[in-house]
Amino acid sequence: MSEDKKLPDPSIIKEEILAKYPPKIARKRAKSMVVVDKSMDQEVQSNVRTIPGIITQRGCCYAGCKGVVLGPTRDIINLVHGPIGCSFYAWLTRRNQTDPGEAGPDGENFINYCFSTDMQDSNIVFGGEKKLKQAIQEAYDIFKPKAIGVFSTCPVGLIGDDVHAVSREMKEKFGDCNVFGFSCEGYKGVSQSAGHHIANNQLFKHVIGRDNTQPEGKYNINLLGEYNIGGDAFELDRIFELCGINVISTFSGNSNVTGFERSHTADLNLVMCHRSINYVAEMMETKYGIPWFKVNFIGGDATAKSLRRIGEYYEDPELIARIEEVITAELPSVKQAAKDVLKTTDGKLAMMFVGGSRAHHYQELFAEMGMTTVSAGYEFAHRDDYEGRKVLPTIKVDADSRNIEELKIEADPELYNPRKTKVELEDLEKNGLEFSEYKGMKNDMADQSLIVDDISHWEADKLIEYYKPDIFCAGIKEKYVVQKMGIPLKQLHSYDYGGPYAGFEGAKNFYTDIERMLSTSIWKKLKAPWLETGASDPCICAEYVA
Ligand code: CFM
């Protein structure tokens, strides 16, 4: 994707951006802005606290735990212990879709509900555990769910309510409902990334491995880090089915409790979003002996490559042949669709600042349309997401990360069963399959492109002025500011109203949507009123009225 188009030198704009900051802040931000030079290793400072006063794109720990990882699961009641505002902003705002199947829309699908203990002042003063117990009881009585997750918001940690003790007590009381808590207070860690880790830990402790029913399929996998935004997981399920691959559980798009509980019976874990779920992949390998490798289903070629890797893993001619059949049937129309938009898209520039994996994955889709990513960054990734997992041993654990529990996992005395022997894994690696590996975003970016971690609005504004990109990808908080600057913004969190963008059909959708956005000149026609009138010194005037 990076096939060396000459990019303008971003060092100048980097200096200009930093010059506005007080020296101490400039020094700190400089470490998070890296001009890519592929001839050497470069450290990208990340997963550190946002400087107070800087307008960040980040969310909180609770958002990462409750919203991102657990949110897409349809039959767990996600009960928020906290003030109602924390729930309002988590209620149906992420476009994770689900298909309750035969159970129908009113079956065990709680996604469209909003469960909260609605804490009040008196609960903050006198404690909220009693109210939490009542809420769990009420949820159980009304819905009889298989599981209830309790999510702590900031005040819960501050006043010291013990959500874990309450959950244990209620679980014992019910007998047929798995109740577990998450200490995912918003302030934990430096971003939603801490919430991912906490969610991974609790899923591992309380859910994964509870049901030993063996799968019926011949090739049984889990897809980790795919959240079914805009129906992505539906498209991937369609492709897996065509290939004869059985998905035991997706973590956690279009998922249910039973899938999680049985996921340890899979032969292989595929990791799509490395940032949010690599902990589960690692822990499942240690405890059950399930290997994992990184995949990317964003882009036609990327999808074909990831499918082929699954074939290589199983070393089964029947599966390999079927995968090839699917690719032969599906890929040509994707290629044609990319060709069809090329007239509009070729040579255009994209910038993307999103989450912890999409800013990387979508570069491949843009490359398929002949577009170059001049600058990109994550909101809350860690150094390994930029530089590759090879830097993991060198990452210093700071006080914020030390706050997050690290589970000590050992091989399960009964269930540990290495799916491949060490020799088999080594042979597969010799043939190009890389287990437990992610090479990071930088590896796929061109020299002279600019990586910016945890970008601020000021920095984004300046980059837009400098590069004048044809499209900017970020989220709703950035959308209208960027459009007012005359640049179309594609939301890569929610996909605006579009999607799916994963898999073969998804790639086609993306090409068309981007072509449309690049074809319209509407945003360029926008002019601020003071510029229309020719005033050179815009200001807002106001006076106090007595
Ligand atoms: Fe993974 Fe995600 Fe992302 Fe993420 Fe997210 Fe998301 Fe994202 Mo928004 S899990 S890191 S915390 S791919 S909600 S589905 S789009 S920031 S790039």
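Residues numbered from 1 in each chain as written. Predicted model: local features only at pLDDT ≥ 70, side-chain atom pairs only at ≥ 80, totals over all residues. Heavy atoms only, no water.

An unreviewed UniProt entry annotates the protein chain as Nitrogenase protein alpha chain of Pontiella sulfatireligans. In UniProt, the protein chain has this text filed under Subunit (unreviewed entry): "Tetramer of two alpha and two beta chains. Forms complex with the iron protein (nitrogenase component 2)." (UniProt positions renumbered as here; feature names shortened; annotations may be inferred.)

Caption draft 1: The packing of helix α10 (residues 232-243) against helix α13 (residues 300-314), seen in detail. The geometry of α10 relative to α13 is characterised by a closest axis approach of 12 Å and an angle of 45° between their N-to-C directions. Between α10 and α13, the crossing angle belongs to the class labelled oblique. For the pair α10 and α13, the sense of crossing is right-handed. Together, Ile239, Phe240 and Cys243 of α10 and Thr303, Leu307 and Ile310 of α13 make up the contact between the two elements. Of the residues assigned to the contact of α10 with α13, the class counts are five nonpolar, one polar and no charged. (Axes fitted to C-alpha atoms, helices over the stretch in contact; angles between N-to-C directions. Helix = DSSP H or I, 4+ residues; strand = E, 2+ residues; numbered from the N terminus. Parallel < 35°, antiparallel > 145°, perpendicular 65-115°, else oblique. Left-handed = near helix turned anticlockwise from the far one by under 90°. Contact = heavy atoms within 4.5 Å. Nonpolar A, V, L, I, M, F, W, Y, C, P; charged D, E, K, R; others polar.)

Caption draft 2: Structural context of the domain arrangement of the protein chain. Examined at the domain level, the protein chain breaks down into domain 1 (11-57 + 445-545), domain 2 (61-187) and domain 3 (219-341 + 384-430). Using C-alpha coordinates to define each centre, domain 1 is positioned 31 Å away from domain 3. Between domain 1 and domain 3, the contact holds 26 residues from the first and 31 residues from the second. Overall, the association of domain 1 and domain 3 removes approximately 2000 Å² of surface from exposure, summing both partners, and the carbon and sulfur fraction of that is 60%. (Domains from an automatic or database assignment. Buried area = accessible area lost by both parts, 1.4 Å probe.)

Caption draft 3: Representation of the pairing of strand β6 (residues 219-226). Summarising burial for β6: eight of the eight residues are buried, a large majority. Two elements, β6 and strand β7 (residues 245-252), share seven bridges in a ladder whose sense is parallel. Bridging from a neighbouring strand, Leu223 pairs with Thr250 of β7. Handedness of the β6-α10-β7 crossover: right-handed. (Buried < 20%, exposed > 50% of the residue type's maximum accessible area, 1.4 Å probe, protein only. Pairing = 2+ DSSP bridges. Right-handed = clockwise from strand over helix to strand, strands pointing away.)

Caption draft 4: Region of the structure containing unusual backbone geometry. The residue after Phe251, namely Ser252, is reached through a cis peptide bond having omega 0°. The residue after Gly499, namely Pro500, is reached through a cis peptide bond having omega -5°. Mapped onto the elements, Pro500 comes out in the loop between β14 (489-491) and α21 (503-519). Residue Asn228 is not a glycine yet carries a positive backbone phi of 55°. Residue position: Asn228 is located in the loop between β6 and α10. In this structure, Lys468 takes a positive phi of about 45° despite not being glycine. As for its placement among the helices and strands, Lys468 is situated in the loop between α19 (457-467) and β13 (471-474).

Caption draft 5: Geometry of the site of the ligand. The environment of the ligand is made up of 14 residues, and the closest members are Arg94, Cys273, Gly356, Ser357 and His493. Here the shell around the ligand is built from residues that sort into six nonpolar, six polar and two charged. (Near = heavy atom within 4 Å.)

Caption draft 6: Just the packing of aromatic side chains, in detail. In the structure shown here, the tally under the stated rule is 25 aromatic pairs. Centroid distance Tyr113 to Phe115: 5.7 Å. Interplanar angle 35°. Geometry classified as tilted. Phe115 sits in the buried class, given a relative accessible area of 13%. One aromatic cluster in this structure is built from Tyr219, Phe293, Tyr313, Tyr314 and Phe435. Above the face of the Tyr140 ring, Lys144 is positioned so that its terminal group lies 5.0 Å from the ring centre. (Phe/Tyr/Trp six-rings, centres within 6.5 Å; stacked < 30°, edge-to-face > 60°. Lys NZ or Arg CZ within 6 Å of the ring centre and 35° of its normal.)

Caption draft 7: Representation of the sheet that holds strand β11 (residues 372-377) in the model. Read from one edge of the open sheet, six strands run β1-β12-β11-β10-β13-β14, paired in mixed fashion. Edge positions in the sheet fall to β1 (33-35) and β14, since each has one partner strand and no second. Strand-to-strand twist of the sheet, defined as the mean angle between neighbouring strand axes without regard to direction, takes the value 20°. Both strand β10 (residues 349-353) and β11 contribute to a ladder of five bridges, which runs parallel.

Caption draft 8: Seen up close, a positive patch on the surface. The grouping of Lys24, Arg27, Lys31 and Lys396 at the surface amounts to a positive patch. Along the chain, the position of Lys24 falls in helix α2 (residues 23-30). Owing to a relative accessible area of 66%, Lys24 belongs among the exposed residues under this scheme. (Patch = residues over 30% accessible without salt bridge, like charges linked within 9 Å, V, L, I, M, F, W, Y side chains within 5 Å. Areas by Shrake-Rupley, 256 points an atom, 1.4 Å probe, with all protein chains shown as cover. Salt bridge = Lys/Arg side-chain N within 4 Å of Asp/Glu carboxyl O. Lys, Arg positive; Asp, Glu negative; His and termini not counted. Charge placed at Lys NZ, Arg CZ, Asp CG, Glu CD.)

Caption draft 9: Seen up close, the side chain of Glu387. Looking at where Glu387 falls in the secondary structure, it is placed in helix α16 (residues 383-387). Here the side chain of Glu387 touches Val44 through a polar contact of 3.0 Å, landing on its backbone nitrogen. Excluding its chain neighbours within four sequence positions, the residues that come into contact with Glu387 are Gln42, Glu43, Val44 and Lys439. (Polar contact = N/O pair within 3.5 Å; in protein donor to acceptor, adjacent residues only side chain to side chain.)

Caption draft 10: Structural view of the nonpolar core. If you look at the biggest cluster of nonpolar residues, it comprises 105 residues, and the most contacted ones within it are Phe240, Leu270, Leu307, Met352 and Phe366. Sorting elements by how many residues they give to this core places helix α14 (residues 317-345) first, with nine residues. When near neighbours in sequence (up to four residues on either side) are disregarded, Phe240 contacts Ile221, Leu223, Ile245, Val247, Leu270, Phe297, Leu307 and Ile310. Membership of the second largest hydrophobic core comes to 26 residues, among which are Leu18, Val35, Leu450 and Tyr467. (Core = buried A, V, L, I, M, F, W, Y, C linked by side-chain atoms within 4.5 Å.)

Caption draft 11: Expanded view of the packing of α10 against α21. As a packed pair, α10 and α21 sit with axes 7 Å apart at the nearest point and diverge in direction by 140°. One way to sum up the angle between α10 and α21 is to call them oblique. Listed contacts from α21 to Glu235, Leu236, Arg238 and Ile239 of α10 are Gly503, Phe504, Glu505 and Gly506. Of the residues belonging to the contact of α10 with α21, the class tally is three nonpolar, two polar and three charged.

Caption draft 12: Spatial organisation of the sheet that holds strand β4 (residues 147-152). Taken together, the four strands give an open sheet; going across it, the order is β3-β2-β4-β5, and neighbouring strands pair in parallel fashion. Looking at the sheet topology across the chains shown, the edges are occupied by β3 (115-116) and β5 (178-182). Pairing geometry for strand β2 (residues 76-81) and β4, over six bridges, is parallel. By the bridge assignment for β4, His81 is matched with Ser152. Packed on one face of the sheet, helix α8 (residues 163-174) meets β2, β4 and β5 and runs near 175° to β5.

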